[in-house]
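# Residue-level structural notes
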Amino acid sequence: FLLVGSFSLQSQDHYEKSPIARIDIFLETQDPNIEVDKKTILSKMQTKIGDPFSQLVFDGDLKMLSKKYDRILHDEKIVNGKIYITLRLWPKPIIRNIDWIGNKKVKSSKLQSELDIASGSTFNRPTFNEHFNKVKEYYIKKGFFEAQIIYQVRPVKGKNQVDIEIDVKEGKSGNIQ
């Protein structure tokens, strides 16, 4: 265990302060209409070609990129004492449809307004979960204490889009007097 730990620390130290020779960026998508502006991405990053590598700065760049991209894979290689960085970015998908299934006592239009996320917007799972919880709270406020609501995200084949299916089991409504 100590050998593995000291080896990984040495390899991290080996990267630290090594000059950055190149940063390659690839956009992973099946949709040919989506392009990546590599110059814009590089200009927003603090990690620059020619600068010494800093893991702390690079981690900040990855955090910044994660706000715009759904998934990021990175690879760093040292060749002749210089670091070559490869970034693979997957864009966040667009919501094509939101379908409500199983709701009988509350109209889909009312639930959609409570969700407050429209078709055509970018799918960001944490944001969607926050809005989805508002729909659950709405059911509780209306007395549907047994309501069970789940959703599934289905990617649209060949496009950077998703369909979202929200399954509602309203259960009995309760009235407090």
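So, a few notes on the structure that sits alongside this text. For clarity, every value in this text was computed on a predicted model and none was experimentally measured. (Residues numbered from 1 in each chain as written. Predicted model: local features only at pLDDT ≥ 70, side-chain atom pairs only at ≥ 80, totals over all residues. Heavy atoms only, no water.)

## Concerning the sheet that holds strand S2 (residues 69-79)
Strand order in the open sheet formed by three strands is S1-S3-S2, and the pairing between neighbours is mixed. The open sheet has two edge strands, strand S1 (20-27) and S2, and neither has a second partner. Within this sheet the neighbouring strands show an average axis-to-axis angle of 15 degrees, counted without direction. One ladder, built from 10 bridges, connects S2 with strand S3 (residues 82-91); its direction is antiparallel. Note that in S3 the partner of Val79 across the bridge is Lys82. Set on the sheet, helix H3 (residues 55-66) makes contact with S2 and S3; between it and S2 the angle comes to about 155 degrees. (Pairing = 2+ DSSP bridges. Helix = DSSP H or I, 4+ residues; strand = E, 2+ residues; numbered from the N terminus. Axes fitted to C-alpha atoms, helices over the stretch in contact; angles between N-to-C directions. Contact = heavy atoms within 4.5 Å.)

## Describing the sheet that holds strand S4 (residues 94-101)
Read across the sheet, three strands follow the order S4-S6-S5 without closing on themselves; strand pairing throughout is mixed. Here the strands that pair on one side only, and so sit at the sheet edges, are S4 and strand S5 (148-155). Ignoring strand direction, the axes of neighbouring strands in this sheet form an average angle of 20 degrees. In this sheet, strand S6 (residues 161-169) lies alongside S4 in parallel orientation, the contact comprising seven bridges. Bridge assignment links Ile95 to a residue of S6, and that residue is Val162. The strands that helix H4 (residues 108-115) touches are S4 and S6; relative to S4, the one it contacts most, it runs at about 135 degrees.

## What to know about the environment of Ser121
Mapping Ser121 onto the fold places it in the loop between H4 and helix H5 (125-141). Taking relative accessible area as the criterion, Ser121 reaches 25% and is therefore assigned partly exposed. Between the C-alpha atom of Ser121 and that of Pro93, which follows or precedes it by 28 residues, the distance is 8.7 Å. The residues contacting Ser121, other than those within four sequence positions of it, are Pro93, Ile94 and Ile95. (Buried < 20%, exposed > 50% of the residue type's maximum accessible area, 1.4 Å probe, protein only.)

## Observations concerning the packing of H4 against H5
Between H4 and H5, whose axes approach to 8 Å, the crossing angle comes to 130 degrees. Taken together, the axes of H4 and H5 lie oblique to each other. Crossing geometry of H4 relative to H5 is assigned as right-handed. Here Lys110, Leu111, Glu114 and Leu115 of H4 come into contact with H5, specifically with Phe128, His131, Phe132, Lys134, Val135, Tyr138 and Tyr139. (Parallel < 35°, antiparallel > 145°, perpendicular 65-115°, else oblique. Left-handed = near helix turned anticlockwise from the far one by under 90°.)

## Examining the pairing of S6
Here eight bridges tie S5 to S6, and the two strands are oriented antiparallel to one another. Residue pairing across strands places Gln152 opposite Glu165, the latter belonging to S6.

## Points about H5
Between its first and last C-alpha atoms H5 spans 24 Å; for 17 residues at 1.5 Å apiece the expected length is 24 Å, and the two agree. When we look at burial in H5, the residues that qualify are Phe128, His131, Phe132, Val135, Tyr138 and Tyr139. Down the axis, H5 shows its buried residues gathered within 105 degrees of arc, on one side only. Among the exposed residues of H5, those oriented more than 90 degrees off its buried face are Pro126, Glu130 and Lys141. Each element contacted by the buried residues of H5 is listed here: S4, H4, S5 and S6. Backbone geometry just downstream of H5 places Gly143 in the positive-phi region, at approximately 90 degrees. (Expected span 1.5 Å × (residues − 1). Arc of directions from axis to C-beta.)

Any functional reading would require information that these geometric values do not contain.
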